[in-house]
Amino acid sequence: MHEVADFRSDTVTRPTPAMRRAMAEAEVGDDVLGDDPTVKRLEALVAGLFGKEAGLYVPSGTMGNSVSIGAQVRPGEEMIAEEWAHCVNFEGGAAGAVWGAMVRTLPGGRGALDPDLVAKWIRPGSLHTPRTALVAVENTHNFHGGAVVPLGTLRSLRDLTRERGVRLHLDGARIWNAATASGVTLREYGSLADTLSVCLSKGLCAPVGSVVLGDREFIDRARQLRKRLGGGMRQVGVLAAAGIVAVEEMRGRLAEDHANARLLADGMARLPGLERAGELVETNIFFVRTTRGPARDLVERLSKERILALAMGERLCRFVTHHDVDHGDVERALAAMGRILGGGGS
Ligand SMILES: *Cc1c(COP(=O)(O)O)cnc(C)c1O
């Protein structure tokens, strides 16, 4: 159990002692000059896991998506994404502001784009219409409560985009959670997209960083764009070293986070004044709807009990489990909510 039970996000996870040691001992060089052996080791390690030719270490998932969009969509071309996609809603409008990309959002069941609908919207470009250059999918889907995109959907999207000459990008910020829940291998997920961006700093507990993956030509271009955005870093092996530990040691325990999320969600489902938004808790994220008052009131009362969650809309609250909250924190949170919401808690 922890002093504060922080369910706001898995980004709050702190580097583990093993990471701190690896960081202290990391062999480093100037990575902009291509001299940092630890960064190279991380990039090769992650590329290998997903069966991709090359990787590029970037400071954040946002920059990972951004350089992936910039490298594959020219100004005035179109990118298709699900309407609640992180890269459209939570990244400062980068696709348009930085790269001049047109964005077409489409509705998706639990965050999964419908391949038939996407097929209707892929356009070759003409005198009047923009050319569709990229389809972006998100797995797991953050705003749809950590939903895992079904393998069949990903396969259909891959076949469709190949056939129509459009690129497919997978925002795999939490692909590790998707693989843990679905049993699909990282290599298979890698084979289903042209490019991927995967986060080290969420459930895997690294302090900083994501890795962008794809073929060598794409990664060369992404490297130029990373530099353009100011994301070229020097002796950054001190951070990449934590990323290596994250990938090698932290993936195996994610099922624990998923079990804690289910426990917390099931307990909360029995409390008055709350209803679950979305039926399934597949991974480490879920949303609840407050039925009696604003979400921020509940969040405020919880914070007085040293339990943190995020209000994400008038009636919507998000809870995320991770390495730094445990079974005891879940039980304490349920007991506190039982008191706050008035009974029915056991
Ligand atoms: C967190 C997240 C990102 C990017 O995260 P950063 O905070 O920029 O590292 C991208 N996509 C999804 C789905 C995410 O959840």
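In case you missed it, the structure is sitting above this.
Here we summarise the structure given alongside this text. (Residues numbered from 1 in each chain as written. Predicted model: local features only at pLDDT ≥ 70, side-chain atom pairs only at ≥ 80, totals over all residues. Heavy atoms only, no water.)

What about the overall build of the chain?
Now for step 1: Within the chain one finds 14 helices and 15 strands.
Now for step 2: For the chain, whose C-alpha radius of gyration is 20 Å, the value lies close to the compact-globule estimate of 20 Å for 346 residues.
Now for step 3: On the principal axes, the C-alpha backbone points of the chain span a range of 60 × 55 × 35 Å.
Now for step 4: Within the span of the chain, comprising 346 residues, buried residues form 54% of the whole.
Now for step 5: Sequence-distant contacts, at least 24 apart, represent 76% of the contacts inside the chain between residues at least 6 apart.
Now for step 6: Charged side chains of the chain number 43 positive and 43 negative; the gap between the two group centres comes to 2 Å. (Helix = DSSP H or I, 4+ residues; strand = E, 2+ residues; numbered from the N terminus. Rg over C-alpha atoms; globule rule 2.2 N^0.38 Å. Buried < 20%, exposed > 50% of the residue type's maximum accessible area, 1.4 Å probe, protein only. Contact = heavy atoms within 4.5 Å. Lys, Arg positive; Asp, Glu negative; His and termini not counted. Charge placed at Lys NZ, Arg CZ, Asp CG, Glu CD.)

What about the sheet that holds strand E12 (residues 285-290)?
Now for step 1: Here four strands make up an open sheet; going across it, the order is E11-E12-E15-E14 and the pairing antiparallel. Edge positions in the sheet fall to strand E11 (274-277) and strand E14 (310-311), since each of these pairs with one other strand and no more.
Now for step 2: Where E14 and strand E15 (residues 316-320) come together, two bridges link them in antiparallel fashion. In the strand pairing of E15, Leu310 is matched with Arg318.
Now for step 3: The sheet strands contacting helix H13 (residues 295-304) are E11, E12, E14 and E15, and the helix crosses E15 at an angle near 40 degrees. (Pairing = 2+ DSSP bridges. Axes fitted to C-alpha atoms, helices over the stretch in contact; angles between N-to-C directions.)

Quick notes on the site of the ligand
Now for step 1: Around the ligand sit Ser60, Gly61, Thr62, Asn65, His86, Glu91, Glu138, Asn142, Asp171, Ala173, Arg174 and Lys202, and those are all the residues in its vicinity.
Now for step 2: Asn142 has a polar side-chain atom sitting 2.9 Å from an oxygen atom of the ligand.
Now for step 3: Taking 380 Å² as the accessible area of the ligand by itself, protein coverage stands at 84%.
Now for step 4: Sorting elements by how many residues they give to the shell around the ligand places helix H3 (residues 61-72) first, with three residues.
Now for step 5: Among the residues making up the shell around the ligand, the classes are represented as one nonpolar, six polar and five charged. (Near = heavy atom within 4 Å. Polar contact = N/O pair within 3.5 Å; in protein donor to acceptor, adjacent residues only side chain to side chain. Areas by Shrake-Rupley, 256 points an atom, 1.4 Å probe, with all protein chains shown as cover. Nonpolar A, V, L, I, M, F, W, Y, C, P; charged D, E, K, R; others polar.)

Some remarks on helix H8 (residues 175-182)
Each α-helix winds once per 3.6 residues, and so residues spaced three or four apart point in a common direction.
Now for step 1: Every buried residue of H8 is listed here: Ile175, Trp176, Asn177, Ala178 and Ala179.
Now for step 2: Tucked inside the fold, the buried residues of H8 contact helix H2 (37-49), strand E8 (167-172), helix H9 (186-191), strand E9 (195-199), helix H11 (237-249) and helix H12 (254-269).
Now for step 3: Phi turns positive one or two residues past the end of H8, at Gly183, with a value near 80 degrees.

Focus on the environment of Arg164
Now for step 1: By the secondary structure assignment, Arg164 is in helix H7 (residues 151-164).
Now for step 2: Looking at Arg164, the relative accessible area reads 36%, which means it is partly exposed.
Now for step 3: Residues Arg164 and Arg14, 150 residues apart in the sequence, show an inter-C-alpha distance of 43 Å.
Now for step 4: Contacts of Arg164, omitting those with residues within four sequence positions, involve Ala119 and Ile122.

Geometry only, nothing functional implied.
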